[in-house]
Amino acid sequence: MDAQNGIIEYQLAARASVVLTRAAGLEVRCRAGSVWLTQYGDDRDIVLRPGQSFVLSLATAVVMSSAQGASLSVQRVAPAAAAGAPRSLLRRLAGWFDPRGCSAVARQLRGRLAML
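If you're wondering where the values come from, they're calculated on a predicted model, not measured in any experiment.

1. Observations regarding the overall build of the chain
What the chain contains, in helices and strands, is 3 helices and 9 strands. Start at the N end of the chain and walk to the C end: the helices and strands fall as β-β-β-β-β-β-β-β-α-α-α-β. The long-range share in the chain, meaning contacts at least 24 apart out of those at least 6 apart in sequence, stands at 73%. A total accessible area of about 7,200 Å² is found for the chain, and carbon and sulfur atoms account for 57% of it.

So, in structure tokens, the structure goes:
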């Protein structure tokens, strides 16, 4: 970790996964390889290649995984950069009923994936 800038470096091994909790406002930047991001409550899956980054907008957990290994960095960004476009009321309500975001899922993942 770069204490001055708050940057945390990760080396994901092939077929490895890491879970980040309370991920809102974190920017994930891929340095090498490719990383697949799945954020609970978001129906998109994001794939980052070297040089690409993505700012996580939901205060839920995100699973980062890589099929062939990846090098990436994670840092907190300014609140204005993390805000993104506001979500409509309908999308927020749909997120409440998304089975990926319920606590039962988190309980089942506990112990199976590294939680950070």
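After that view of the structure, there is still more to cover.
2. Digging into the pattern of salt bridges
In this structure the tally under the stated criterion is 2 salt bridges. Among the salt bridges present, the one from Glu27 reaches Arg29, with a minimum N-O distance of 3.0 Å. Its relative accessible area of 13% is what places Glu27 among the buried residues. Of the residues examined, Arg29 reaches a relative accessible area of 26% and is grouped as partly exposed. Residue Arg44 pairs with Asp42 through a salt bridge whose shortest N-O separation is 2.7 Å.

3. Section: the environment of Ile8
Within the fold, Ile8 resides in strand S1 (residues 8-12). Residue class for Ile8 comes out partly exposed when judged on its relative accessible area of 32%. A C-alpha to C-alpha distance of 9.7 Å links Ile8 and Val28, two positions 20 residues apart in sequence.

4. As for unusual backbone geometry
One can expect most non-glycine residues to show negative phi and most peptide bonds to be in trans. The phi dihedral of Arg15 is positive, around 60°, even though this residue is not glycine. Within the secondary structure, Arg15 is located in the loop between S1 and strand S2 (16-20). Phi is positive for Arg22, which is not a glycine, with a value near 45°. Here Arg22 shows up in the loop between S2 and strand S3 (26-33). Exposure remark for Arg22: the relative accessible area of 64% places this residue in the exposed category.

5. Here we look at the pairing of S3
Pairing analysis gives 7 bridges linking S3 to strand S8 (residues 70-76), with the strands arranged antiparallel. Its bridge partner lying in S8, Cys30 is registered against Leu72. Bridge count for S3 against strand S6 (residues 53-55) is 3 bridges, and the pairing is antiparallel. Of the residues in S6, the one forming a bridge with Val28 is Phe54.

6. Focus on the sheet that holds S8
One open sheet holds the 4 strands; their spatial order is S1-S8-S3-S6, and the pairing between them is antiparallel. If you trace the sheet from one side to the other, it starts and ends with S1 and S6, each paired once. Between one strand and the next, the sheet's axes are offset by a mean angle of 20°, whatever the strand orientation.

The rules behind these values
Counting restarts for each chain: residues are numbered from 1 in the order of the written sequence. Restriction of local features to residues with pLDDT of at least 70 applies here, the model being predicted, together with a cutoff of 80 or more for giving and counting side-chain atom pairs; totals for whole chains, interfaces and linings are based on all residues. Hydrogens are left out, water is left out, and the side-chain values use all remaining heavy atoms of the structure. Here a strand is any run of E in DSSP of at least two residues, a helix any run of H or I of at least four, and the numbering for each starts at the N terminus. Whether two residues are in contact is decided by their heavy atoms: any pair within 4.5 Å suffices. Values of accessible area rely on a 1.4 Å probe in the Shrake-Rupley scheme; residue burial ignores everything except the protein chains shown. Each salt bridge in this description consists of a side-chain nitrogen of Lys or Arg and a carboxyl oxygen of Asp or Glu lying within 4 Å of one another. Under the scheme applied here, a residue whose accessible area is under 20% of the maximum for its type counts as buried, over 50% as exposed, and between as partly exposed, the area being computed with a 1.4 Å probe on protein chains only. Any two strands are treated as partners once DSSP identifies two or more bridges connecting them. Angular values range over 0 to 180 degrees, each being the angle between N-to-C directions of two axes fitted as lines to C-alpha atoms, with helices fitted over their stretch in contact.

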